[in-house]
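# A structural walkthrough
Spelled out from the first residue to the last, the chains are:
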Amino acid sequence: MMGVFSFFLFIIINLLIKINDGQFIALTPETSIKTTIIDPIFSMYPINSVGDSCDFENKLLIEVPVGLTVTSFQSSISGIPFYKLSEVDNYILLYNMQSSNQLGLVTQTIVITTSDNFQQTYQLNTTCIDIDISKLKVKESTIPMSFANYFIYYINVEGLEPVNIYDSIYCDTATLQNSYFSGPYNYALVISQSSFSGQNLTDQYEIKMIFTGGKTFTFRINSYYSFFELKDLPTTHVETFFPSDLLSSNSNYTQMSFGYQPLFASTLNTNIMRPYQVYNNQLTLPLRGSKGNMTYIGIIDSAIYGVLFNGSITSGNGISLDSIILTTKINDSPVATFLFVSPKVDYYDIGTSEKIYSVSFNNSENYKFFPFGYTYLSSFKEEWPFGFYYGSNSNFSHKVYFPRLINQSTVTQLSYTCGAIVNSFQIDVDPVSKPNGSPPSLKSFNFTRISNHDYLLTIDVESVNGFKGIKLSSTYNDFKNKYTLLSGTIYSGRFEFVVSLLELDDIYIFDINWNSVVFDIGSPISLNPLILFDAPKPSNYNYNLTDFSGISFLKNNLDLNYESEQYNIVYLNSTEIPQDAPLSFIILDIISYPFARDNEYHPLMILPFIYNTTSGFFECKFILPKNNMFGEIPYSIMAGKSKTLYYNNLLKESLVVNETVLDNQGPIFSFFEKIGDASVISTTGTIGWKFNITDELNGFESGYIKVMGSIDSSTYHFNFTMNDVIGDKFNCQYQILINVSQPCISQEYRIIKVIMYDTNKIYSKFILNGGPYSINTPFINFLDQGVDITVLPFTCIGSTMVDSKPTLLSFTTSTTTIDVGAPNRTISFDFSIDPGTIGIKKDQLPIIYLTTVYTELSKCNSELISYSTNSAVYKCSIELPLEFGYPGMIALSMYGIVNNGGYFYGYSTKDIELVANSNSYLETTYSSNFPIIISSDNYYSDDNGEIIIYGRCFSNVNLVTITYSDSALPPNSATISTHYGSSAIKITGIKKTNKLFKIKVSTGGGLSSNEFSIQPIYFDRSLKPIPTESPTTTPSVTPSTTPSETPTTSPTTTPIPTITPIPTNPPQKCLGNPECGGKNQGYCSPTGCICYSPWIGTTCTSQTIIVPQPSTNTTNPQIEIPTDNNNGQSSESNSQEPQKMIFKSLISLVSLRELNFKNEEVKNHIFDQWVYTPIDEFKNQYFTTISNTNITATLEWFNQSTSIQFANQNLTMNPSSIKYTIEITKYQFSSSLNQLQLVMAASLTTNSNDICSLNQFGNTSTGDDSNYLKIQIENHSLYGRFIKRAIIDNVVKSISNVLLDSSLNVVDSSSSLQSFIGITIPYYSDSIIVDPDFSVLIDSKSASNEDDSVCTKKNSGLTTAQLAGIIVGSVAFAAVAVIITTYFIVKKRKDLLLIKTLNNKMNKMNNNN
């Protein structure tokens, strides 16, 4: 058996071992002990450039003879530790931790001794590399990006050895950080935007690298501002100060709270988002405005207070700088401090055997309304009244209760923190006993893929104390204790978790006593057989920068004034990246990621890419908030186990906002007034505040204000939304009122906290003794009034402080034992209090707190049921989190009772136990067989009815029920598409909705889950409106020949700027016999025949056929319109009748050609793959990308005659016509002299060979200044209109339309005819929109009656090329955001392939006839 194991181990080791290159050698023959170094590191640079040592961590696998053990490890270098990782039979795996204290070669001799006193000696050579300055070069760099007060470049530092390079290189004016990805740029250069203030803005930055031993290397790099044109840099700035008198000689500003500084706003005529402007080297923040007129906000800070000081505001003025020197004085508010007096721990027994402990302390100074933090096995922060056991703000006792650990834990202290400047203390907490402290043991693990980011992790764990849960990284706080127990018990069982690859670094396994063991990537779980912990394979993919060259966006060059422009999709087209790669998109605009606006932690919004098997692209939906920054939007793509970030300046495609008006300021007070200031209360009174809220662009959405009493901490919470205020969201009024009645005490009510949100979730914030949030203050207009504006003093006649603690009369719970594993985990409480002689405040509602041994906290806010002089009755209920407190008990306590004499009180767990028939704690059980829904993927309103839900015990689920908040949608049962173990299910069949819906699952055994709510994220794929309105979607009607028929009209649109001249069609001779079809069909004008609807054409002898709406093509923007000799009306076929003549019109988009000034083809990009998106029943959209240019085609069907507008031109859409709106984004021209040509193909076919056909191309005569293409077979025609104008770079310009049949080698047969037409577009910068349309006509005259028709007869033998089918031009065609650069050219062989493809389609149509 051991021989088999040894052979297996030998194979595995040889797969893992790197070549030693003589760096690890045996100095004595390996006759008894054999040692192998696994995944070695022999050479590296220090962790940073000024370091003079390296840390080598190498794993040694040692094999000794059976029956022997290793008794010692010795190193020739003192202080080198050896850590034993694992030992199985005669195999030992250990870490050799060598920290070299010098640069260069270090030789270490390792001696291993076995139990028979045999010694084996090895030599390990490691090299800590010293830099060779002479080899250093900075060879290339990217264009810098501006992000969160920094400029970020990527540079290529050459001359470093190809080993583990420095994590960071120290610089005098910047930071160089290892980029950690493969590609040309190995370091990110991060420069503070306030650096280099003593030079012109466009001067190069000089960066000095600093290395060990005083060695330096200097290089220069182009400044951020040198990449802009001079006209874009600001030349003026106008400042406004808050308070307004800040610069006056008698200014005496005092902070409203510690750290709340005076402010200034500066308006600049800048065309760049981040111009240079600093106050004493602190950058200003973009606040509001648009390109050319931006306002920024800055903080005026000082290192000294109470005396005059000088500061300077430095702003860019073209390429130079100018400064404003200001002199003022700031009086600071004292730092909120707190001193813990006499902290202690007490231990208690409750019930029959339960153990609890309390931690208490007293105060020596006034309570300043800040929260306390608690850390033991986990941590939380909680505000008043938790723990406030007795007293008033100036003299109180604080006491909290938690269940006691039964057994010894590695965590032995509970920590307290409080205050803006943190005060803290730690105190030992003893367990009840000290049993086995062995950590859990991981026996095996397995990953199963759910999606590119989410996996099932199944682990087999043994634990003498009982398994509790896992953490996947030391940097993530998410402790995972929600699992499915697949088999066994918590002492020896198999557990299943849902984990994300984004958080997977290590695995920490905890038991119920918080003993833990950690396995990092590559750590051995077992030596027999050898099992190393590793992440799923997709997490280990190696990426190259070139893998991300195929980036594009659904929408680009955005105008955020249109709501639809916020909703976007990023596409990644890469054949090198595996389809299951865990890629993420991170949007980093200043609204989504307010790092510079707020010093609080803001997690990145990490959005997953999903591989679309239809398009072959990785796709990620994202929403760019409205009223955002202009210019380039910073973004990043995160990839790989190392979570490497590829920022947009590394990638070839920029996301650009052209039009927007920034609003980066939350709602503010424009009017603020006290109500009842300094009131004297004899019986009753009302005090409070009245205020106006303004938010000029986004508009106010919701607010919260917290008020507390200065003596008794009476607390009032005011929540208000737009439904509560007077006015509109841009300017509204509200008031908060507090009723005061005798008996009462004289004190002040203070505003402690204000948070207000606008509709873009941007907040303003004020927290007394918290923060600070200077630039976010809602009181910006009232800084001159200081904190006094937030303070309301009042006097109560006969005010006397009375210490009279109310008596807890009763306290009952709905159950004494709660199943925290069941779907229903609701617990309710009923209690009553004797108010005492002084009485208690009715508006101060006690809170019941539930605490666990794991330092978890839940709270239940009570409501007052009844009140009398001798009894106040309360109740409350709460749903506990899944697994809350298990295994163990839940301790109950109550705080927040305030009497009318200025004192607050609480009841501890021990106090509650003394009340007759009470329950002071809850026992917990845990049912592991109920299905529980815990979370779900994001669901967008335009999704296809599919979602993955996550939870536990799903393996037996066979029914999924969905109920909708939209009353028009009845409940339905969804389909279970895929089970992922017991912890995830993919379901389909969700009805289309943008309103909340609920999901519930049930098992075959009759167990049902909780009801889980999902709010779809609204998402709009449609492009911004162009000057064309949608038709009224009323049923089609039979055309009338009445000349007075009026088409449906659309609203007038704002004219688009026009570049003249726009071509007009020349006068034409009126044709036809009778002329223009006669008086009922048209009349003759100087431009030619003008037709009455529904007549059309140069002779007004054709009319539109009313046909059913064609079926939708979900593959590409190609449309087929079938008609027959019944003029489009369907009829039953009779086999006895002659075969009917069937006509089929086919319109398709072919390619995009680049032409030089000689109209010679330079490039030809053939369309071969489209992404289809339905918009509504009449409109569909198609998207493709060629050569990094996005193309979007929107096909719209018109049921009735409708007036529209495009490119400032009024047009009439006939009934049963199809319009193509085609948008093309930025194209990388080979030369500015070149132009684009959009090529379309059209055909008309029939099932008869005895026919005549006619092909016409020319100018229309109806005044719409267009070209027309008419393809006619017998008395049926396909008619296309191509107007001679387009919207190019947001202005109206002229274009031309040409017939391409002679140059594209059309192929004809006796029953089909094809034709190509090109829409030729001049050179442009950003975008173009064209708008052709098509109709099917019935003609008064057959084609056989026209002189230039081509005819053939049955069996005649003729093979005329233009006989049976005719092409009608312009197809649909789609245009979206430009992205990336052109990387291939389609050559002649693709042209031939295209023509062959079209011929196949036409032949297929003929065969179907």
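Structure: above.
In this report, we go over the structure that sits alongside the text. As the structure is a prediction and not an experimental result, all values here were calculated from the model.

### Comments concerning the sheet that holds strand β58 (residues 684-694)
- Taking strand neighbours across the sheet as the criterion, the four strands line up as β56-β58-β62-β61 in an open arrangement whose pairing is antiparallel. On the outer flanks of this sheet lie β56 (668-675) and β61 (726-728), each paired with one strand and no other. The average undirected angle you get between the axes of adjacent strands in this sheet is 15 degrees.

### A closer look at the pairing of strand β52 (residues 635-639)
- Burial analysis of β52 places five of its five residues in the buried class, which makes it a mostly covered element.
- With burial as the criterion, each face of β52 is covered, one bearing Y635, I637 and A639 and the other bearing S636 and M638.
- Alignment of strand β47 (residues 583-587) against β52, held across five bridges, turns out to be antiparallel. If you follow L583 over to β52, its bridge partner there is A639.
- Looking at chain direction, β52 and strand β53 (residues 644-647) are connected through four bridges and run antiparallel. Residue pairing across strands places S636 opposite Y647, the latter belonging to β53.

### Here's the deal with the sheet that holds strand β44 (residues 551-553)
- The strand order across the open sheet formed by four strands is β44-β46-β50-β49, and the pairing between neighbours is antiparallel. If you trace the sheet from one side to the other, it starts and ends with β44 and β49 (610-612), each paired once. The average undirected angle you get between the axes of adjacent strands in this sheet is 30 degrees.
- Here β44 runs beside strand β46 (residues 567-572); their pairing, made up of three bridges, is antiparallel. Considered in β46, the bridge of S552 is made with Y571.

### Observations concerning unusual backbone geometry
- Following F242, the chain continues into P243 via a peptide bond in cis, with omega recorded as 0 degrees.
- Along the polypeptide, P243 turns up in the loop between β18 (237-242) and β19 (253-254).
- Put simply, N1073 and P1074 share a cis peptide bond, and its omega is 5 degrees.
- Positionally, P1074 belongs in the loop between β82 (1012-1014) and β83 (1082-1085).
- Positive phi values are uncommon outside glycine, yet N627 reaches one of about 45 degrees.

### With respect to the state of the cysteines
- All told, the structure shown has six disulfides when counted by the stated rule.
- The residue that forms a disulfide with C54 is C128, at a sulfur-sulfur distance of 2.0 Å. Every disulfide takes its handedness from the sign of the S-S torsion; for C54 and C128 that torsion is 70 degrees, giving right-handed. Of this pair, C54 sits in strand β4 (residues 54-63) while C128 sits in strand β9 (residues 119-128), and the two are 74 residues apart along the sequence.
- Residue class for C54 comes out buried when judged on its relative accessible area of 1%.
- Here C1076 pairs with C1089 through a disulfide, and the sulfurs are 2.0 Å apart.

### Digging into the side chain of Q277
- Within the fold, Q277 resides in strand β21 (residues 277-279).
- Taking the relative accessible area as the measure of exposure, Q277 reaches 1% and is therefore buried.
- Polar side-chain contacts of Q277 include one of 2.7 Å to the side chain of S266.
- If sequence neighbours within four positions are ignored, Q277 has contacts with H237, E239, S266, L268, Q282, L283, T284, Y296, I313, T314 and S315.

### Quick word on the nonpolar core
- Judged by nonpolar contacts, the single largest core of 105 residues is most densely connected at F372, Y416, F691 and V707.
- Ranked by size, the runner-up nonpolar core spans 53 residues in total, among them M273, Y541, L607 and I633.

### Describing the packing of aromatic side chains
- Counted under the stated rule, the structure contains 100 aromatic pairs.
- Judged by centre distance (6.2 Å) and plane angle (70 degrees), the rings of F467 and F497 are edge-to-face. In this pair, F467 sits in strand β37 (residues 467-471) while F497 sits in strand β39 (residues 492-500), placing the two residues 30 residues apart along the sequence. Both residues of the pair, F467 and F497, belong to the buried class.
- Just above the ring of Y389 sits the side chain of K399; from NZ or CZ to the centre is 4.6 Å.
- Between K468 and the ring centre of Y854, over which it is positioned, the NZ or CZ distance is 3.9 Å.

Conventions and cut-offs
- Residues numbered from 1 in each chain as written.
- Predicted model: local features only at pLDDT ≥ 70, side-chain atom pairs only at ≥ 80, totals over all residues.
- Heavy atoms only, no water.
- Pairing = 2+ DSSP bridges.
- Helix = DSSP H or I, 4+ residues; strand = E, 2+ residues; numbered from the N terminus.
- Axes fitted to C-alpha atoms, helices over the stretch in contact; angles between N-to-C directions.
- Buried < 20%, exposed > 50% of the residue type's maximum accessible area, 1.4 Å probe, protein only.
- Disulfide = S-S within 2.5 Å.
- Polar contact = N/O pair within 3.5 Å; in protein donor to acceptor, adjacent residues only side chain to side chain.
- Contact = heavy atoms within 4.5 Å.
- Core = buried A, V, L, I, M, F, W, Y, C linked by side-chain atoms within 4.5 Å.
- Phe/Tyr/Trp six-rings, centres within 6.5 Å; stacked < 30°, edge-to-face > 60°.
- Lys NZ or Arg CZ within 6 Å of the ring centre and 35° of its normal.

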